[in-house]
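# Fold and contact review
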Amino acid sequence: MTTTCRTAACRTAGWGLAAAGALHLLWASGSPWPAGSREVLADAVTGSRAGLPPAPLTVAVGAGLIGAGVASATTSAGGDARARNVLRGVVGAGLLARAVLGGRRATQVLGMAEPSERFLGLDRRCYRPLVGVLGAGVLAGIERGGR
């Protein structure tokens with residue numbers, strides 16, 4: 001993969017992570033968008049209508065995603081390439097692990113109840129492919145010679 005393609009893949013993944021982070025911040029503010037209610041949103045993103053995680057936790061996830069997105073999209077101009085590579089490796093591997101393990105296993109690891117069929121369908125069609133592509137994009141940005 002050429003440097004230009006690696007940079008484009010990593011920047012695109014970075015923007016995708018930042019957008020996911022912004023969406024989490026929106027949810028933490030109380031918005032159910034794009035769902036019609038908080039219960040429907042909870043079912044779609046956690047697999048349970050019992051409710052969404054507490055706002056501070058959702059803010060932490062959103063901020064982490066935005067931070068990972070910025071770190072992923074940052075070019076090699078300035079900064080420590082080795083630290084950037086380590087961060088990209090951790091973020092990319094984490095995203096790929098989530099894609100491979102899937103939503104059912106992720107909810108089990110987090111100690112959550114068995115997820116709904118709606119969540120599992122969304123996970124199969126949307127969430128797993130998305131985090132897989134984002135993970136691959138982040139990993140594509142690892143700089144050669146900067147390890």
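Residues numbered from 1 in each chain as written. Predicted model: local features only at pLDDT ≥ 70, side-chain atom pairs only at ≥ 80, totals over all residues. Heavy atoms only, no water.

Under the criterion given, the structure shown has 4 salt bridges. Linking Glu143 and Arg84 is a salt bridge whose minimum nitrogen-to-oxygen distance equals 2.7 Å. Taken together, the positions of Glu143 in the segment after α5 (117–140) and Arg84 in helix α4 (residues 81–109) put the pair 59 residues apart, joining distant regions of the chain. Comparing Glu143 with Arg84 shows no difference in burial state: the two are buried. In the salt-bridge network here, residues are joined through shared partners; they are Arg84, Arg88 and Glu143. (Salt bridge = Lys/Arg side-chain N within 4 Å of Asp/Glu carboxyl O. Helix = DSSP H or I, 4+ residues; strand = E, 2+ residues; numbered from the N terminus. Buried < 20%, exposed > 50% of the residue type's maximum accessible area, 1.4 Å probe, protein only.)

The space that makes up the largest pocket amounts to roughly 1,500 Å³. Lining of the largest pocket is provided by 48 residues; of these, His24, Trp27, Val45, Val61 and Arg98 occupy positions nearest its centre. For the lining of the largest pocket, the secondary structure elements donating two or more residues are α1 (3–28), α2 (38–46), α3 (55–73), α4 and α5. In terms of residues, the lining of the largest pocket owes the most to one element, α4, which gives 11 residues. (1 Å grid on protein atoms, 1.4 Å probe; cavity = no way out; pocket = protein on both sides within 12 Å on 5 of 7 lines; lining within 4 Å. Points joined across faces, edges and corners; volume = space filled by probe spheres on them.)

Another aspect to go through is the nonpolar core. Ala13, Leu17, Leu65, Ala68, Val91, Leu95, Ala99, Val131, Leu134 and Val138 form the largest nonpolar core, which has 10 residues in total. Of all the secondary structure elements, the ones that give two or more residues to this core are α1, α3, α4 and α5. Excluding residues within four positions of it along the chain, Leu134 makes contact with Ala13, Gly16, Leu17 and Leu95. (Core = buried A, V, L, I, M, F, W, Y, C linked by side-chain atoms within 4.5 Å. Contact = heavy atoms within 4.5 Å.)

Topologically, Asp123 is positioned in helix α5. Those residues in contact with Asp123, other than ones at most four positions away along the chain, are Arg98, Gly102, Gly103, Arg128 and Pro129.

Next up on the list: the packing of α1 against α5. Between α1 and α5, the shortest axis-to-axis distance is 7 Å and the interhelical angle comes to 135 degrees. Taken as axis vectors, α1 and α5 run oblique relative to one another. The element α1 and its partner α5 pack so that their crossing is left-handed. In this structure, α1 contributes Arg6, Ala9, Cys10, Ala13, Gly16 and Leu17 to the contact, and α5 contributes Leu134, Gly137, Val138 and Ala140. The class makeup of the residues in the contact of α1 with α5 is 7 nonpolar, 2 polar and 1 charged. (Axes fitted to C-alpha atoms, helices over the stretch in contact; angles between N-to-C directions. Parallel < 35°, antiparallel > 145°, perpendicular 65-115°, else oblique. Left-handed = near helix turned anticlockwise from the far one by under 90°. Nonpolar A, V, L, I, M, F, W, Y, C, P; charged D, E, K, R; others polar.)

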